[in-house]
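Single-letter residue listing:
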Amino acid sequence: MLLSIITVVRNNPAGLLATYHSLLLQNCINFEWIVQDSSDVYTPIESLSNDSPGFSIKHNFYSDFSLYNGMNIASSYAAGDWLWFVNSGDTLFSKDSVFYVSEELSRPGINH
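Residues take numbers from 1 onward in each chain, read along the sequence in its written order. Predicted model: local features are reported for residues with pLDDT of at least 70 only, side-chain atom pairs are reported and counted for 80 or more only, and whole-chain, interface and lining totals are derived from all residues. In computing side-chain properties, one takes all heavy atoms of the structure into account and sets aside hydrogens as well as water.

K.L.:
How would you explain the side chain of Ser97 if you had to name every residue and give the values?
P.N.:
Starting at the N terminus, helices and strands are each numbered in turn, a helix being any DSSP run of H or I of at least four residues and a strand any DSSP run of E of at least two. Within the element layout of this structure, Ser97 appears in helix α4 (residues 97-105). If we skip the residues at most four places from it in the chain, Ser97 touches Gln26, Trp84 and Leu92. Here a residue-residue contact requires only that any non-hydrogen atoms of the pair lie within 4.5 Å.

K.L.:
Now, about the packing of aromatic side chains: what can you tell me, with residues and values included?
P.N.:
Centres within 6.5 Å make a pair out of two Phe, Tyr or Trp rings, where for Trp the six-membered ring is used; the pair is then stacked when the planes are under 30 degrees apart, edge-to-face when over 60, and tilted otherwise. In total, this model carries three aromatic pairs according to the counting rule given. Both rings, one in Phe31 and one in Phe55, keep their centres 4.5 Å apart while their planes meet at 25°; by these two values the pair is stacked. Residue Phe31 is located in strand β2 (residues 31-37), and its partner Phe55 is located in the loop between α2 (45-48) and β3 (56-61); the two are separated by 24 residues in the primary sequence. Both residues of the pair, Phe31 and Phe55, belong to the buried class. When accessible area is computed with a 1.4 Å probe and restricted to protein chains, residues below 20% of their type maximum are described as buried, those above 50% as exposed, and intermediate ones as partly exposed.

K.L.:
Lay out helix α3 (residues 67-75) in plain terms, naming residues and giving numbers.
P.N.:
What α3 keeps buried is the set Gly70, Met71, Ile73 and Ala74. Down the axis of α3, the buried set is contained in an arc of 165°. They therefore lie on one face. Pointing more than 90 degrees away from the buried face of α3 are the exposed residues Tyr68 and Asn72. Buried residues along α3 sit in contact with β1 (3-9), β2 and β4 (82-85). As used here, the arc belongs to the directions running from the helix axis to the C-beta atoms.

K.L.:
I'd love a proper account of the nonpolar core, names of residues and values included.
P.N.:
The set of buried Ala, Val, Leu, Ile, Met, Phe, Trp, Tyr and Cys residues whose side-chain atoms join them within 4.5 Å is what this entry labels a nonpolar core. Within the largest apolar cluster, 15 residues are counted, with the highest numbers of intra-cluster contacts made by Leu3, Ile5, Leu23, Phe31, Trp33, Phe55 and Val98. When contributions to this core are tallied by element, the ones reaching two or more residues are β1, α1 (13-24) and β2. If sequence neighbours within four positions are ignored, Phe55 has contacts with Tyr20, Leu23, Leu24, Ile29, Phe31 and Trp33. If you look at the next biggest cluster of nonpolar residues, it comprises five residues, including Ile6, Val8, Ile34 and Ala74.

K.L.:
Account for the pattern of salt bridges, naming residues and giving values.
P.N.:
Salt-bridge detection follows one rule: a side-chain nitrogen of Lys or Arg within 4 Å of a carboxyl oxygen of Asp or Glu. Under the criterion given, the structure shown has three salt bridges. Across the pair Asp40 and Arg10 runs a salt bridge, and its minimum N-O distance is 3.1 Å. Placement of Asp40 in the loop between β2 and α2 and of Arg10 in the loop between β1 and α1 is noted, with a sequence separation of 30 residues between them. Note on Asp40: relative accessible area 60%, which makes it exposed. The exposure class assigned to Arg10 is partly exposed, which follows from its relative accessible area of 48%.

These values are about where atoms sit, not about what they do.
Below is the structure:
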C-alpha cells in the first residue's frame, strides 16, 4: 500500500523544512510526498529532494486560490491508495507514524 502525504504551503519555507525533516526520520518509506506550493518566496525543497530520501517528492508550483483548492490540486497528482494531509510546519509524532498509519489502513474491513 502506498500512502500519499500532501502538504499545501504558501510562503512558509521554515515550516516546510520542519515537515520535510520529520518525514526524513520515518522508518517506513512506503509513501510519496506531494507539496502544493503557491509561495512567492524561495522554497528549499528543490535542493533537498536531491538528497535521495527514499520516498518520492512531487513539488508542484501552481497558484491556488485557497488551502482547499491547493488540497484538490495536489490530490490529482497522488498515486497512493490513501491521502494524508500534513500541513506545512507540522511534524509527525514519532519515527513510526507512517508505519502505524499504514498498518491501520491495511487492516481487513478498511475500505478506500
